[in-house]
Amino acid sequence: MSVVPMPQSPTFHHHHHTHHHHMSLSTSCGSSSSGGSSNTNSNSTTSNSNTSMMKPKKPECAFTASGSSSERKPWVPVPKLTMEALGPVPEYNLSAQSVFEPFKFQVAGHDPILRLPEGIIFKPALARELWFYMNLSPRSRLLPWVPEFHGCIELQKDFLNNKKKSPKKNSSNSSMTPWGQKMHDEKLDSKPQTTRFMVMKDLTSNFERPCIMDVKLGTRAYGDDATESKMLSQSWKSNTTTSGSTGLRVCGVQVFQSESNDYFYFHKYEGRLVVPDDLKSVFGRFFTDGDNLRVNVIAQFITKLKELRRVIMDEPQFRFYATSLLLIYEGAQSSMAPAPTPVLKMIDFANTFPALPSGENDDGYLFGLNNFIAILEQILLDSPPSSPSEAQHLVYSQPQ
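Reference entry: report on the structure contained in this document. All of these numbers come straight from a predicted model, not from anything done at the bench.

Points about the packing of helix α7 (residues 279-286) against helix α9 (residues 365-382)
Alright, step 1. At their nearest, the axes of α7 and α9 sit 10 Å apart, and the two run at 70° to each other. Taken together, the axes of α7 and α9 are roughly perpendicular relative to one another. For the pair α7 and α9, contact is made by L279, K280, F283 and G284 and by F372, I375, L376, Q378, I379 and D382, respectively.

Put into structure tokens, the structure is as follows:
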């Protein structure tokens, strides 16, 4: 499958860390430069490589935060939020006939996601994420940018096992993503006897062949409640991947390939090997259906990202760490029916906290958003236009 050649690397906005919890990490066993890992698989963006979905090991060495202990403030985490502290949680009423199936389009995440055919998904609840949805004001400008939340439900493990059905293996439309399969195989049985799930809209339900990308935003990937070891390991992860240098990290991709009638996949451990100069070709790959770069889809996402940027710049209520943007567009190109509108949503709010009175609420989120927009605009400008001015028009006609 061909990939649009993208020789030039994008111009990144340089980030000056001002937050006092941002420490550069040095390890005694190799560079922690933000340029990423040196063992990048150069083919990872162009072939559906069999890169292992095993978690890579961190270097066998001690993490040391740069600067002497007298220079930097000690890390003092806030207490972890508990489900009990949330008080009454909105409940979702399930019909007795409901038959769960694995959510077959899961490209990232730490937990298995279930779905019902009526277009809703069930994600294991985390107190902090639940706090975010419960505290989102009905008047918030963020509402159009997050999935619809329908409440919570507690499910018993034996109920799930009885009600579970696997997608049929015989058609490409019903096969699961490798990542979704991994989460179901490894995580579902280890859940406690009773698990609380958050019930949300299935964002893929309008799509026949959804192309999906999960991009983690921001330079800081830990919350105010992280233990010191979690803070250090997440800082190491940011500094050794594209997160630290660009505020962006690709966590999962599936792209429908029209010729092979199948999907191309890319998982988070491959995403950690990407270096900043490769981000443009990875994003370009997401918008390529085998042969064609979907320039109009890219232009639609640029418009949406700029709208989201205006909302985030004025966000008075929350600070977002390690949240993702989920991008979905239709891979099946039919001349008969118009394709559903591409979807851009913020997801994964397990490290979302109240805004600070100082107004210093952005730890690289806007930095990542600006880089995302800049890279997509560069892809458009470098694409072979079908008419000489088309790509320029798509970029320069954008609202800023």
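A look at the environment of K306
Alright, step 1. Following the sequence through the fold, K306 ends up in helix α8 (residues 295-313).
Alright, step 2. Judged by relative accessible area, which is 1%, K306 ranks as buried.
Alright, step 3. Considering only alpha carbons, one finds K306 and I373, 67 residues apart in sequence, at a separation of 7.5 Å.

Some thoughts on the pattern of salt bridges
Alright, step 1. Under the definition given, this model contains 13 salt bridges.
Alright, step 2. The partner of K80 in a salt bridge is D225, with the nearest N and O atoms 3.6 Å apart. Linking K80 in the loop between β2 (63-65) and β3 (101-102) with D225 in the loop between β8 (210-217) and α4 (228-239), this pair joins segments that are 145 residues apart in sequence.
Alright, step 3. You can call K80 exposed: its relative accessible area is 57%.
Alright, step 4. A salt bridge links D111 to K191; the shortest N-O distance between them is 2.7 Å. Placement of the pair is D111 in the loop between β3 and β4 (114-116) and K191 in the loop between α3 (178-187) and β7 (194-201), with a sequence separation of 80 residues.
Alright, step 5. In this structure, a network of salt bridges that share partners links the residues E101, R115 and D202.

A word on the nonpolar core
Alright, step 1. Membership of the largest hydrophobic core comes to 76 residues, with the highest contact counts inside it found for F283, L325 and M346.
Alright, step 2. Among the elements that line this core, the one with the most residues is α8, at ten residues.
Alright, step 3. Excluding residues that lie within four positions of it along the chain, M346 makes contacts with L142, W145, V146, P147, L308, I312, F320, S324, L325 and Y365.
Alright, step 4. L114, F122, I153 and L160 belong to the second largest nonpolar core, which has ten residues in total.

Details of the packing of aromatic side chains
The geometry of two aromatic rings is summed up by the distance between their centres and the angle between their planes.
Alright, step 1. Taken as a whole, this structure holds 23 aromatic pairs when the rule is applied.
Alright, step 2. When the centroid spacing of 6.3 Å and the interplanar angle of 90° are considered together, the rings of F103 and F105 count as edge-to-face. Just as F103 is buried, F105 falls in that class too.
Alright, step 3. A centroid spacing of 5.5 Å and a plane angle of 65° characterise the contact between F256 and Y263, whose relative ring orientation is edge-to-face. Each member of the pair, F256 as well as Y263, carries the same accessibility label: buried.
Alright, step 4. When the ring centre of W131 is taken as reference, the NZ or CZ atom of R128 above it lies at 5.0 Å.
Alright, step 5. Of note, R285 hangs over the ring of F264, and the distance from its end group to the ring centre comes to 4.0 Å.

What to know about the sheet that holds strand β10 (residues 262-267)
Two pairing modes exist for strands in a sheet, parallel and antiparallel, and in both the strands are linked by backbone hydrogen bonds.
Alright, step 1. Pairing is antiparallel across the open sheet formed by five strands, whose spatial order is β10-β9-β8-β12-β13. The open sheet terminates on both sides in strands that have one partner only, identified here as β10 and β13 (343-347). Between one strand axis and the next, the sheet turns through 15° on average, direction left out of account.
Alright, step 2. Bridge count for strand β12 (residues 324-330) against β13 is five bridges, and the pairing is antiparallel. By the bridge assignment for β13, L325 is matched with M346.
Alright, step 3. Packing of α7 onto the sheet brings it into contact with β8, β9 (248-257), β10 and β12, and relative to β9 it is tilted by some 30°.

Quick notes on the environment of D277
Alright, step 1. Within the secondary structure, D277 sits in the loop between α6 (268-271) and α7.
Alright, step 2. Distance from D277 to T242, taken between C-alpha atoms, is 9.3 Å for residues 35 residues apart in sequence.

Here we look at helix α1 (residues 127-135)
Alright, step 1. Most of α1 sits inside the fold, with seven of its nine residues counted as buried.
Alright, step 2. What α1 keeps buried is the set A127, R128, E129, L130, W131, F132 and Y133.
Alright, step 3. Contact partners of the buried residues in α1: β5 (120-124), β6 (149-156), β7, β11 (318-320) and β14 (352-354).

Some thoughts on the side chain of S324
Alright, step 1. Here S324 lies in strand β12.
Alright, step 2. In this structure S324 comes out as buried when scored by relative accessible area, which is 2%.
Alright, step 3. A polar side-chain atom of S324 sits 2.7 Å from a polar atom in the side chain of D214.
Alright, step 4. Those residues within four positions of S324 in sequence are excluded, and the remaining contacts are D214, V215, K216, K345, M346, I347 and D348.

What counts, and where the lines are drawn
Sequence positions are assigned chain by chain, starting from 1 and proceeding in written order. Local features in a predicted model are, by the rule used here, given only for residues with pLDDT of at least 70; side-chain atom pairs are given and counted only at 80 or more, and totals for whole chains, interfaces and linings are based on all residues. Computation of side-chain values: all heavy atoms of the structure, hydrogens and water removed. Interaxial angles span 0 to 180 degrees and are taken between N-to-C directions of axes, which are lines fitted to C-alpha atoms, for helices over the stretch in contact. Every helix listed is a DSSP run of H or I at least four residues long, and every strand listed is a run of E at least two residues long, numbered separately from the N terminus. When an angle is under 35 degrees it counts as roughly parallel; over 145 it counts as roughly antiparallel; between 65 and 115 it counts as roughly perpendicular; any other value is oblique. Throughout, a contact is declared for two residues whenever any of their heavy atoms are within 4.5 Å. Remark: exposure states derive from per-residue accessible area (1.4 Å probe, protein chains only) relative to the maximum for the residue type, with buried under 20%, exposed over 50%, and partly exposed in between. Think of a salt bridge as a Lys or Arg side-chain nitrogen and an Asp or Glu carboxyl oxygen that are within 4 Å of each other. By nonpolar core is meant a set of buried Ala, Val, Leu, Ile, Met, Phe, Trp, Tyr and Cys residues that side-chain atoms within 4.5 Å join together. Stacked, tilted and edge-to-face are the three classes assigned to paired rings of Phe, Tyr and Trp, where Trp is represented by its six-membered ring and a pair needs centres within 6.5 Å; plane angles under 30 degrees give stacked, over 60 edge-to-face, the rest tilted. Whether a charge sits over a ring depends on NZ of Lys or CZ of Arg being within 6 Å of the ring centre and within 35 degrees of the ring normal. Note on pairing: two strands pair once DSSP finds at least 2 bridges between them. Here a polar contact means two N or O atoms within 3.5 Å. Within protein one must be a hydrogen donor candidate and the other an acceptor candidate, and residues neighboring in sequence count only if both atoms are side-chain atoms.

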